[in-house]
Amino acid sequence: MAAYPSYAVALASTPTPENDYIDDVSSSGLLHSRQFHDKIYTNFDVIHPGLTGQQFYDLRQTYISGPRDTYTGFTWYTSSPAESYSVQFTAPPEIAANHGNDRYDVRVQLRGWVT
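Residues numbered from 1 in each chain as written. Predicted model: local features only at pLDDT ≥ 70, side-chain atom pairs only at ≥ 80, totals over all residues. Heavy atoms only, no water.

**Student:** Please explain the side chain of T52 as it appears in this structure.
**Tutor:** Among the secondary structure elements, T52 is positioned in the loop between β5 (41–51) and α1 (53–65). Sequence-distant contacts of T52, that is, excluding residues within four places in its chain, are made with D102, R103 and Y104. (Helix = DSSP H or I, 4+ residues; strand = E, 2+ residues; numbered from the N terminus. Contact = heavy atoms within 4.5 Å.)

**Student:** It is not clear to me how the environment of R107 should be interpreted in this structure. Could you clarify?
**Tutor:** Tracing the backbone through its elements, the reader meets R107 in strand β8 (residues 103–114). On the basis of relative accessible area, R107 is assigned to the partly exposed category, the value being 26%. Separated by 13 residues in the primary sequence, R107 and E94 have C-alpha atoms spaced 5.4 Å apart. Those residues in contact with R107 that sit more than four places away from it in its chain are D45, V46, I47, P92, P93, E94 and A96. Within the local environment of R107, its side chain forms a polar contact with the side chain of D45, the two groups lying 2.9 Å apart. (Buried < 20%, exposed > 50% of the residue type's maximum accessible area, 1.4 Å probe, protein only. Polar contact = N/O pair within 3.5 Å; in protein donor to acceptor, adjacent residues only side chain to side chain.)

**Student:** What am I meant to see in the pairing of β8 here?
**Tutor:** On a regular strand, each side chain points to the face opposite its neighbour's, so the side chains alternate between the two faces of the sheet. Both β5 and β8 contribute to a ladder of nine bridges, which runs antiparallel. Bridge assignment links D45 to a residue of β8, and that residue is Q109. Of the strand pairs in this sheet, strand β7 (residues 83–100) and β8 are connected by 11 bridges, and their pairing is antiparallel. Residue pairing across strands places A91 opposite Q109, the latter belonging to β8. (Pairing = 2+ DSSP bridges.)

**Student:** Would you take a moment to explain α1 for this structure?
**Tutor:** In an α-helix there are 3.6 residues to a turn, and that puts residues three or four apart on one side. With 13 residues, α1 should reach 18 Å at 1.5 Å per residue; the first-to-last C-alpha distance of 18 Å fits that figure. Among the residues making up α1, those that are buried are F56, L59, T62 and Y63. Projected onto a plane normal to the axis of α1, the buried residues spread over an arc of 120 degrees and lie on a single side. The inward-facing, buried residues of α1 abut β5, β6 (71–76), β7 and β8. (Expected span 1.5 Å × (residues − 1). Arc of directions from axis to C-beta.)

The analysis is restricted to geometry; functional conclusions fall outside its scope.
See the structure below:
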């Protein structure tokens, strides 16, 4: 497993915990719950602000070389204490804003679990 690049994360980035339980009602009226994962997964919509064109290219090459590979060391600082996640890309990195002078805000969608 390779390390996720340590770029800044904008405050507008959001985590969304997955609900991995499905509830079913049987014909007798009883409620049954099924759990699909042994870990709690979180979906991240991450914005890396102020990346250079080369940093965006490097991040895109990371995605292209292993779009379903697992990357370690993605740190989410808004929780206390900060949590480190192993993550996978769910979509390719894309430029969210072009600030000119070779500076870009880059949006990345990740899915991960606490390590």
